[in-house]
Amino acid sequence: MYISVKSLREKLQKACFAALCGISLLFVPILLYAQDGVAQNALTIAVSPAYPRTNDAVTLSLSSFASDLNTADIAWFINGTRVRSGKGAVKLETETGNPGTRLAVRVTVRTADGQLFEQEASVRPADVDVYWSAQTYTPPFYKGRALPTPGSSVKITAMPQFFSSPTNALDSASLVYAWGKDRQALGQFSGRGKQSIVIESPNPGEAVTVAVTVTSGAEWGAYREIALASVEPEIIFYERRPSEGIRYEHGLRGSTTLEEKEITVRAEPYFFSTEDMIGNNLTFNWFMNDAPLEKQRGERELTFTQEEGSEGIAKLSLRVENLGKLLQEAYETLFITFGGSRIFGL
């Protein structure tokens, strides 16, 4: 088959022209128009806060890469009702509703040169509460909360409230949880259904910030963060009476008077790690008038008997240390006023 040089040159020129046209199209901003000539993707609606809660104030901000909105006529619609309009009205302040409700937002823009743009957005509120539980020891019938101490474990749980309708809550196991600590992502603890994590409490005088973002899809989510600080463990003394048992309702703080012939003192080590309490990693070192009581080492209770006819004040001290976590230790002193100058029965 014979092809002339002139014909070959013409075909090459046409091919090059087509390729250059294709490349140039990659750098031309593309606006998609509906059949009525309204641009669909020239506008962006930003929602602040990004994850609004129920009955929360919300600011909607409009921006465009294609036109100057300050001179444009803008109209805002929520759930089909016009709520604001005017020249350069690029922001709208509104409020979310109750759980399960949705704001269907639509905005139209007519520019000074007659172009018409339109954009839509959906705002769905959601909530998430975050609870923490310190894995530390408290005695029976204690009505307070176990508190985190240096090195102890703290379980943190997110409790989301996502409603697709006022009566239909999403299953928390179907949501995605993204955890962070001190602005650092905790990828190993994050993922679908991972609504609880366990972290180590900070050192004394420090605090950590734990945050979680819960999402369902790309545009529906909730965010919450908490600050967590440690406290020091402490020792509280209680009296054990033969007829009543341990009087947990009345701690012995500072000093007490020995009204009977003898007294049994029980020490409760508050907020030491539960795992170390169970594992017998705590040491109990008692002192009487600053002298160590070697025979009572490791005991939780001591019984003191006074000598008849004598009187005085005894200084009882206890140091508790956690062999598994060196920063967990406590020291407490109790002054016992009694009728004799000596205490027996140690």
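Everything below is about the structure printed above this text.
Conventions we followed
Chains are numbered independently. Their residues run from 1 in the order of the written sequence. Residues qualify for local features only when their pLDDT is at least 70, as the model is predicted, and side-chain atom pairs are given and counted only at 80 or more; totals for whole chains, interfaces and linings, by contrast, use all residues. Side-chain measures were taken over the full set of non-hydrogen atoms in the model, leaving aside hydrogen atoms and water. To qualify as a helix, a DSSP run of H or I must reach at least 4 residues; to qualify as a strand, a run of E must reach at least 2; elements of each kind are numbered from the N terminus. Residue exposure (1.4 Å probe, protein chains only): buried if accessible area is under 20% of the type maximum, exposed if over 50%, otherwise partly exposed. Here a residue-residue contact requires only that any non-hydrogen atoms of the pair lie within 4.5 Å. Per-residue and other accessible areas follow the Shrake-Rupley method at a 1.4 Å probe size, with only the shown protein chains counted as cover for residues. For two strands to be treated as a pair, DSSP must find at least two bridges joining them. Identification of polar contacts relies on pairs of N or O atoms within 3.5 Å, with a donor-acceptor requirement for protein atoms, meaning one able to donate a hydrogen and the other able to accept it, and with residues adjacent in sequence counted only if both atoms are side-chain atoms. For helices, the fitted axis covers only the stretch in contact; all axes are lines through C-alpha atoms, and the angles between them, taken along N-to-C directions, range from 0 to 180 degrees. Grid spacing is 1 Å over the protein atoms alone, the probe is 1.4 Å, and a cavity is where that probe fits but cannot get out, while a pocket is an open set with protein on both sides within 12 Å along at least five of seven lines and lining residues have an atom within 4 Å of a point. Grid points are joined across faces, edges and corners, and a volume is the space filled by probe spheres set on the points. Each residue is assigned to one of three groups, with Ala, Val, Leu, Ile, Met, Phe, Trp, Tyr, Cys and Pro labelled nonpolar, Asp, Glu, Lys and Arg labelled charged, and all others, Gly among them, labelled polar. Take a side-chain nitrogen of Lys or Arg and a carboxyl oxygen of Asp or Glu: if they are within 4 Å of each other, that pair is a salt bridge.

S.K.: What's the story with the overall build of the protein in this structure? I'm lost.
M.R.: The helix and strand tally for the protein stands at two helices and 27 strands. The proportion of buried residues among the 346 residues of the protein is 37%. In the protein, 63% of the contacts between residues at least 6 apart in sequence involve partners at least 24 apart. Counting only carbon and sulfur atoms, one obtains 52% of the accessible surface of the protein, whose full area is about 19700 Å².

S.K.: Quick question: what am I supposed to make of the pairing of strand E7 (residues 116-123) here?
M.R.: Within a regular strand, the side chains alternate between the two sheet faces. Where strand E6 (residues 103-110) lies against E7, eight bridges are found, and the strand directions are antiparallel. The residue of E7 that forms the bridge with Ala104 is Ser122. The hairpin formed by E6 and E7 contains five residues between the paired strands, and Gly114 there has a positive phi angle of roughly 95 degrees.

S.K.: Mind showing me how you'd approach the side chain of Ser230 here?
M.R.: Among the structural elements, Ser230 can be located in the loop between strand E17 (221-229) and strand E18 (234-241). In this structure the side chain of Ser230 is engaged in a polar contact, spanning 2.7 Å, whose partner is the backbone oxygen of Pro202.

S.K.: Which parts of the structure should I look at to understand the sheet that holds strand E8 (residues 127-134)?
M.R.: Ordered in space as E8-E9-E15, the three strands form an open sheet in which the pairing is antiparallel. Among the strands making up the open sheet, the edge pair consists of E8 and strand E15 (196-200). Ignoring strand direction, the axes of neighbouring strands in this sheet form an average angle of 25 degrees.

S.K.: Help me out: how do you make sense of the layout of surface pockets in this one?
M.R.: Take a probe with the size of a water molecule and roll it over the atoms, and the empty space left behind shows itself. The calculated volume of the largest pocket comes to roughly 290 Å³. Going through the elements one at a time, strand E1 (43-48) and E7 are the ones with two or more residues in the lining of the largest pocket. If you tally residues by element for the lining of the largest pocket, the top one is E7, at five residues. The computed volume of the second largest pocket comes to approximately 160 Å³. As for the second largest pocket, its lining consists of Glu239, Arg241, Arg247, His250, Leu252, Thr256, Thr257, Leu258, Glu259, Glu260, Glu262 and Ile263. Here the element with the most residues in the lining of the second largest pocket is strand E19 (residues 245-252); it accounts for three residues. Classifying every residue of the lining of the second largest pocket gives three nonpolar, three polar and six charged.

S.K.: In this structure, what is going on with the pattern of salt bridges? I would like to understand it.
M.R.: Close approach of charged atoms allows side chains with opposite charge to pair. Here the structure, examined in full by the defined rule, presents 18 salt bridges. Linking Glu118 and Arg106 is a salt bridge whose minimum nitrogen-to-oxygen distance equals 3.6 Å. One end of the pair, Glu118, is in strand E7; the other, Arg106, is in strand E6, and 12 residues separate them in sequence. On the basis of relative accessible area, Arg106 is assigned to the partly exposed category, the value being 28%. A salt bridge links Arg224 to Asp129, with the nearest nitrogen and oxygen atoms 3.8 Å apart. You can see Arg224 sitting in strand E17 and its partner Asp129 sitting in strand E8, a full 95 residues away along the chain. Take Arg224: its relative accessible area is 21%, and that puts it in the partly exposed class. A single salt-bridge network, built from bridges that share partners, covers Glu239, Arg241, Glu244, Arg247 and Glu249.

S.K.: Help me out: how do you make sense of the environment of Glu225 in this one?
M.R.: The topology assignment puts Glu225 in strand E17. The partly exposed category is assigned to Glu225, whose relative accessible area is 32%. Excluding residues that lie within four positions of it along the chain, Glu225 makes contacts with Arg183, Thr209, Val210 and Ala211. One polar contact links Glu225 to Tyr223, side chain to side chain, over a distance of 2.6 Å.

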